[in-house]
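Observations on chain architecture
Chain by chain, the residues:
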Amino acid sequence: MIEISNVRKSFQDVEVLKGISLEIKDHEIYGIVGQSGAGKSTLLRCINGLEPYDSGKIVVDGTLVSSQDKAQLRNLQKRMGMIFQSFNLLERLDVYENVALPMKFWGISTKSEESKKKIRELIGLVGLEEKMHAKPRELSGGQKQRVAIARALVLDPQFLLCDEATSALDPEITKGILSLLQRINREMGITVAIVTHQMEVVKQICGRVAFLHNGSVLAQGRPEELFIRPAHPEIKAFLRDSSELLPTEGVNIQIFFLGEDSGEPVVTQMARELGRDFSICWAKLEDFRDNVYGSLVLNVEEADKEAVCNFLESKKVAWEVL
Ligand SMILES: Nc1ncnc2c1ncn2[C@@H]1O[C@H](COP(=O)(O)OP(=O)(O)O)[C@@H](O)[C@H]1O
Ligand SMILES: [Mg+2]
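Fair warning: this is a prediction, and the values are worked out from it, not measured in the lab.

Parameters and conventions
- Residues numbered from 1 in each chain as written.
- Chains lettered and ligands numbered in written order.
- Predicted model: local features only at pLDDT ≥ 70, side-chain atom pairs only at ≥ 80, totals over all residues.
- Helix = DSSP H or I, 4+ residues; strand = E, 2+ residues; numbered from the N terminus.
- Buried ≥ 20, exposed ≤ 12 C-beta atoms within 10 Å, placed from the backbone.
- Axes fitted to C-alpha atoms, helices over the stretch in contact; angles between N-to-C directions.
- Parallel < 35°, antiparallel > 145°, perpendicular 65-115°, else oblique.
- Left-handed = near helix turned anticlockwise from the far one by under 90°.
- Contact = placed C-beta atoms within 7 Å.
- Nonpolar A, V, L, I, M, F, W, Y, C, P; charged D, E, K, R; others polar.
- Pairing = 2+ DSSP bridges.
- Near = placed C-beta within 6 Å.
- Expected span 1.5 Å × (residues − 1).
- Arc of directions from axis to C-beta.
- Domains from an automatic or database assignment.
- Core = buried A, V, L, I, M, F, W, Y, C linked by C-beta atoms within 7 Å.

Quick word on the overall build of the chain
Summing up its helical and strand segments, the chain has 11 helices and 14 strands in all. Across the 322 residues of the chain, 34% fall into the buried class.

Okay, here's the thing in structure tokens:
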């Protein structure tokens, strides 16, 4: 488990982490999401000790992350694999040698049968058996990230920290990488922390997420809780999905589909029971992991407002008048 409490960090006199608190539990996929410059990468670098923090505490499985004790810090780092947007592969080494590199760094023999087997298995896991001896320049972006993932796993880490791991990849390739991360999480029990500015990533695989804005955590919870009905204007702005083209006549009512009630045909029921017509003027339904969530905006006549509100209230769906 990674416990972060009230962490502050400044560069020169600019505070970029302003008292961050959050907890990443064992075996989950936790997202840290927010606009560029929010402090996401800095936070991740503090978690694995690449960057010292000024105050507060980061505790990994009971051990304080601190730049004071170098040996202890190195041992913690060994338990945290990392991948980046830029892959960071060594161009002169082939796939096999890149994956083996952390072993070399840690003085583990790469010639033992056990090590060779491990390296080959990981290259198999990421689906690159056929590229075992290709150089990075012969690989696509998605393949390079797969090599980086295999390399990050070679020391059997407990955590995998990902900093914008899919931000340089196109949507189809991104999906493949995310499925791979999900498999690694489920099958190997590795806790995954994902820093990203891409909502797609959060929606597809994160079980829980923190929204970082300007060095502070504005909200945390399940992605659908944070993003279907965002409570903060900063999150709304980040999503950029509210319509500016809603009708100015009548009353606009937004209905939220938050899981349990997604299957209920509320709108058609309402039309039938109230004997009224409504126009749907905006709608969005999205996949979050294995569920569909979303919202739609109905435009109703002023005279029907009360009946509609009463109906929605009786159905126990989440709704609001815009
Ligand atoms: N090494 C550094 N020196 C000075 N300022 C930095 C350094 N690293 C990051 N910053 C600043 O800290 C803020 C947060 O950056 P970063 O953590 O990279 O955000 P994000 O990953 O969310 O885009 C930005 O304003 C950035 O310019
Ligand atoms: Mg960043």
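This is not the end of the story, as more comes after the structure.
Concerning the packing of helix α10 (residues 266–274) against helix α11 (residues 305–315)
Remark: α10 packs on α11, axes separated minimally by 11 Å, with the N-to-C direction vectors making an angle of 130°. Considering the angle they form, α10 stands oblique to α11. By crossing handedness, the relation of α10 to α11 is classed as right-handed. Two secondary-structure elements touch here, α10 through V266, M270, E273 and L274 and α11 through A307, V308, F311 and K315. Residues of the contact of α10 with α11, tallied by class, amount to six nonpolar, no polar and two charged.

Brief notes about the sheet that holds strand β8 (residues 191–196)
Spatial ordering of the open sheet is given by β6-β7-β8-β3-β9-β10, a layout of six strands whose pairing is mixed. This sheet does not close on itself; its edge strands, each paired only once, are β6 (80–84) and β10 (216–221). Between one strand axis and the next, the sheet turns by 15° as a mean value, whatever way the strands run. Summarising the sheet, β6 and strand β7 (residues 159–163) pair through five bridges and their orientation is parallel. Each bridged residue has a counterpart across the sheet, and for M80 the counterpart in β7 is F159.

Points about the site of ligand 1
Around ligand 1, the neighbouring residues are F11, V16, G34, S36, G37, A38, G39, K40, S41 and T42. For the shell around ligand 1, the element with the most residues is helix α1 (residues 40–47), which contributes three residues. Residue classes in the shell around ligand 1 are distributed as three nonpolar, six polar and one charged.

A word on helix α4 (residues 113–125)
In this model α4 runs 18 Å from its N-terminal to its C-terminal C-alpha over 13 residues, within 8% of the 18 Å that 1.5 Å per residue would give. K118, I119, L122 and I123 are the residues of α4 that are buried. Around the axis of α4, the buried residues are gathered within 130° of arc, so they sit on the same side. In α4, the exposed residues that point more than 90 degrees away from the buried face are E113, E114, K117, E121 and G124. Residues of α4 that are buried make contact with α3 (95–105) and α5 (141–153). Once α4 ends, the next one or two residues include G127, with phi positive near 80°.

Considerations on the domain arrangement of the chain
In terms of domain boundaries, the chain breaks down into domain 1 (2–236) and domain 2 (251–321). Computed from C-alpha atoms alone, the centre-to-centre distance between domain 1 and domain 2 is 39 Å. Taken together, the contact pairs seven residues of domain 1 with 11 residues of domain 2. For the side of domain 1 that touches domain 2, the secondary-structure elements that each account for two or more residues are α7 (199–205) and α8 (223–227).

Considerations on the environment of E301
If you trace the backbone, E301 turns up in the loop between β13 (291–300) and α11. For E301 and N252, which are 49 residues apart along the polypeptide, the C-alpha to C-alpha distance reads 8.9 Å.

A look at the nonpolar core
Burial of nonpolar side chains together is a common tendency in soluble globular proteins. Ranked by size, the top nonpolar core spans 71 residues in total, and within it V99, I123, A150, L161, C162, A193 and I194 carry the most contacts. Considering each element in turn, this core owes the most residues, six residues, to α5. When residues of this core are sorted by domain, at least three fall in each of domain 1 (2–236) and domain 2 (251–321). When neighbours within four sequence positions are excluded, I194 is seen to be in contact with I29, G31, I32, C162, V201 and C206.

Overview of the sheet that holds strand β5 (residues 63–64)
In space, the four strands of this open sheet follow the order β2-β1-β4-β5, with antiparallel pairing throughout. Two strands in the sheet have a free side with no partner beyond their single neighbour: β2 (14–24) and β5. In the sheet, strand β1 (residues 2–11) pairs with β2 via eight bridges, with the strands oriented antiparallel. Within the sheet, the bridge partner assigned to R8 lies in β2 and is K18.

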